[in-house]
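Read off the chains here:
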Amino acid sequence: MGLSAVTVLGVDRPGVIAAVTGSLADCGANIQDSTMTLLGGYVAMMLLVSGDLDPAELTKRLTAPELVVSASAIEARRHFCGDGGGLGYVLTVHGPDRPGIISAVSAVLAADGGNITGMSTRLTGRLYVLIADVELPKDVDVAALMRRLAAVGAGLDSEITFRPVEPDLL
């Protein structure tokens with residue numbers, strides 16, 4: 001059984017996610033990991049799927065006039081910070097829109113080995129909002145990192161918050 005990365009971009013409408021995931025199920029592909037969001041009136045999907053179909057066949061089965069689809073064979077892998085026991089944080093940025101916000105913030109995190117594991121941004125009027133899930137190695141000086149993030153925020157005229165993830169209670 002192979003693993004493929006599938007990306008889909010199409011005009012948002014009711015049923016587009018059902019159509020794509022239904023087509024995957026019909027051809028025996030199992031969705032192992034996915035993210036789906038709206039970007040400026042378009043639905044954007046990234047999926048890791050396993051199954052017996054090669055990427056070219058997956059692309060053929062999912063292609064429709066209103067969709068842009070790509071699929072590539074990949075190897076299964078997981079990234080873990082440090083020794084696999086990374087610390088989870090949520091980072092938020094609120095401020096005026098301008099080029100370079102993501103670049104500046106992600107560079108500070110990367111300098112300490114931080115990995116952004118999920119991110120969403122929105123522009124509402126003139127307010128830019130970024131929310132990111134971040135995994136840090138256990139040995140990071142979080143207080144020093146927060147000072148560097150605050151300095152970047154001040155330079156961007158933005159407020160940056162950085163807090164530990166609350167453990168899920170099941």
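In this report, we go over the structure that sits alongside the text. (Residues numbered from 1 in each chain as written. Predicted model: local features only at pLDDT ≥ 70, side-chain atom pairs only at ≥ 80, totals over all residues. Heavy atoms only, no water.)

1. As for a nonpolar patch on the surface
Here's step 1: Together, Leu9, Val11, Tyr42 and Val68 make up an exposed nonpolar region whose accessible area comes to about 350 Å².
Here's step 2: Note on placement: tyrosine 42 falls in strand E3 (residues 42-51). (Patch = residues over 30% accessible without salt bridge, like charges linked within 9 Å, V, L, I, M, F, W, Y side chains within 5 Å. Areas by Shrake-Rupley, 256 points an atom, 1.4 Å probe, with all protein chains shown as cover. Salt bridge = Lys/Arg side-chain N within 4 Å of Asp/Glu carboxyl O. Helix = DSSP H or I, 4+ residues; strand = E, 2+ residues; numbered from the N terminus.)

2. Side note on the pattern of salt bridges
Here's step 1: Applying the stated criterion across every chain yields a total of three salt bridges.
Here's step 2: For glutamate 57, the salt bridge is made with arginine 61, and the minimal N-O distance between the two is 3.2 Å. Taken together, the positions of glutamate 57 and arginine 61, both in helix H2 (residues 55-62) and four residues apart, correspond to about one turn of that helix.
Here's step 3: By relative accessible area, which is 24% here, glutamate 57 ends up partly exposed.
Here's step 4: What makes arginine 61 partly exposed here is its relative accessible area of 43%.
Here's step 5: Ionic pairing is found between aspartate 112 and arginine 148, a salt bridge with its closest N-O pair at 2.2 Å. (Buried < 20%, exposed > 50% of the residue type's maximum accessible area, 1.4 Å probe, protein only.)

3. Details of the packing of helix H3 (residues 101-111) against helix H4 (residues 142-155)
Here's step 1: Two elements in contact, H3 and H4, have axes separated by 10 Å at closest approach and are oriented at 165 degrees. Regarding the angle of H3 to H4, the classification is roughly antiparallel. Judged by the twist between their axes, the crossing of H3 over H4 is right-handed. Contacts between H3 and H4 involve Ala104, Val105, Val108 and Leu109 from the first element and Leu145, Arg148, Leu149 and Val152 from the second.
Here's step 2: Among the residues forming the contact of H3 with H4, the class breakdown is seven nonpolar, no polar and one charged. (Axes fitted to C-alpha atoms, helices over the stretch in contact; angles between N-to-C directions. Parallel < 35°, antiparallel > 145°, perpendicular 65-115°, else oblique. Left-handed = near helix turned anticlockwise from the far one by under 90°. Contact = heavy atoms within 4.5 Å. Nonpolar A, V, L, I, M, F, W, Y, C, P; charged D, E, K, R; others polar.)

4. A word on the sheet that holds E3
Here's step 1: If you trace the four strands from one edge of the open sheet to the other, you get E2-E3-E1-E4, paired in antiparallel fashion. Both edges of this open sheet fall to strand E2 (30-39) and strand E4 (67-74), since each of them pairs with a single strand only. This sheet shows a mean twist of 15 degrees between the axes of neighbouring strands, independent of strand direction.
Here's step 2: As paired strands, strand E1 (residues 2-11) and E4 are joined by eight bridges and run antiparallel to one another. Pairing of alanine 5 across the sheet is with serine 72, part of E4.
Here's step 3: Against the sheet, helix H1 (residues 16-26) engages E1, E2, E3 and E4, with an angle of about 15 degrees to E3.
Here's step 4: Its contacts with the sheet put H2 on E1, E3 and E4, and the angle it makes with E4 is roughly 160 degrees. (Pairing = 2+ DSSP bridges.)

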